[in-house]
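# What the coordinates show
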Amino acid sequence: MDSSKLACKGLSENDTQCSHPVVANSDYCWKHGNWFALDLEIIRMVDQHFRDEASLFWQRSNFFLLAEALLFSTVVSTIQGESGLDRSLVIIVSAFGLVLTAFWYMAGSTGRKWLGHWRDQRIELSETFDRYQRDAKVERIAKEPWTTATQITQYLPLLFVLGWMGLVIQYLIR
Ligand SMILES: [Zn+2]
């Protein structure tokens, strides 16, 4: 059904049914709908989604960093022990470390994509509703490379790749 042909449920000045077409998915026209309150609700919802996504991003980041650091330091300290470590075990643990690093990188890059989607929504809302476009101005800067911590830390897994590769190579040629 074409919603533009439905009549608004609001009343005109002379208490007769309003004859204006309804706004999509609603019962009211542009004049009679409570749009300001609804728009404010949408802005709050998008803002909350963005903040949830950002907090999830750092939780995941911290989890991987902690897991990798623990695994790496355990292997290194065991190697440095007087008895030394079984060669094949070092290689297996290092291979596991490399796979974990790959998941870390993928989880990070997916998280950054979702943050970017919500950022775009914030820019769009700001362009639509804020005549000063405060949010849009700042969020556009954040979309440029090397401007946010989430972008900079994307290369952190690379350090661990080098570490694990170093261990694998050292123990393969030994
Ligand atoms: Zn109306």
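Residues numbered from 1 in each chain as written. Predicted model: local features only at pLDDT ≥ 70, side-chain atom pairs only at ≥ 80, totals over all residues.

## Some remarks on the overall build of the chain
Within the chain one finds 5 helices and 0 strands. Taken from the N to the C terminus, the helices and strands of the chain come in the order α-α-α-α-α. Expected size for 174 residues packed as a compact globule is a radius of gyration near 16 Å; at 27 Å, the chain overshoots this value by more than 25%. Evaluated residue by residue, the chain yields a buried proportion of 12% over its 174 residues. In the chain, of all internal contacts separated by at least 6 residues, the share reaching a separation of at least 24 is 53%. (Helix = DSSP H or I, 4+ residues; strand = E, 2+ residues; numbered from the N terminus. Rg over C-alpha atoms; globule rule 2.2 N^0.38 Å. Buried ≥ 20, exposed ≤ 12 C-beta atoms within 10 Å, placed from the backbone. Contact = placed C-beta atoms within 7 Å.)

## Re the environment of D47
Assignment of secondary structure puts D47 in helix α1 (residues 35–80). D47 sits 20 residues away from D27 along the chain, and the two C-alpha atoms are 27 Å apart.

## Considering the domain arrangement of the chain
Per the domain assignment, the segments of the chain are domain 1 (1–33) and domain 2 (34–172). On a C-alpha basis, the centroid separation for the pair domain 1 and domain 2 is 47 Å. (Domains from an automatic or database assignment.)

## Some thoughts on the nonpolar core
V75, V90, V93, F160, W164 and L167 together form the largest nonpolar core, which totals 6 residues. Of all the elements in the fold, those that place two or more residues in this core are α2 (87–129) and α5 (156–172). The dominant element in this core, judged by the number of residues it contributes, is α5, at 3 residues. With residues near it in sequence (within four places) discarded, F160 still touches E68, F72, G97 and T101. (Core = buried A, V, L, I, M, F, W, Y, C linked by C-beta atoms within 7 Å.)

## Quick word on unusual backbone geometry
Unusually for a residue other than glycine, D15 sits at a positive phi of about 65°. Secondary-structure assignment places D15 in the segment before α1. Although it is not a glycine, W146 adopts a positive phi angle of roughly 65°. Residue position: W146 is located in the loop between α3 (134–142) and α4 (149–152).

## Observations concerning the packing of α2 against α5
Between α2 and α5, whose axes approach to 9 Å, the crossing angle comes to 160°. With respect to each other, α2 and α5 are oriented roughly antiparallel. Relative to α5, α2 is oriented so that their crossing is left-handed. Seen from α2, the contacting residues are R87, V90, I91, S94, A95, G97, L98, T101, W104 and Y105; seen from α5, they are P157, F160, V161, W164, L167, V168, Y171 and L172. For the contact of α2 with α5, a count of residues per class yields 14 nonpolar, 3 polar and 1 charged. (Axes fitted to C-alpha atoms, helices over the stretch in contact; angles between N-to-C directions. Parallel < 35°, antiparallel > 145°, perpendicular 65-115°, else oblique. Left-handed = near helix turned anticlockwise from the far one by under 90°. Nonpolar A, V, L, I, M, F, W, Y, C, P; charged D, E, K, R; others polar.)

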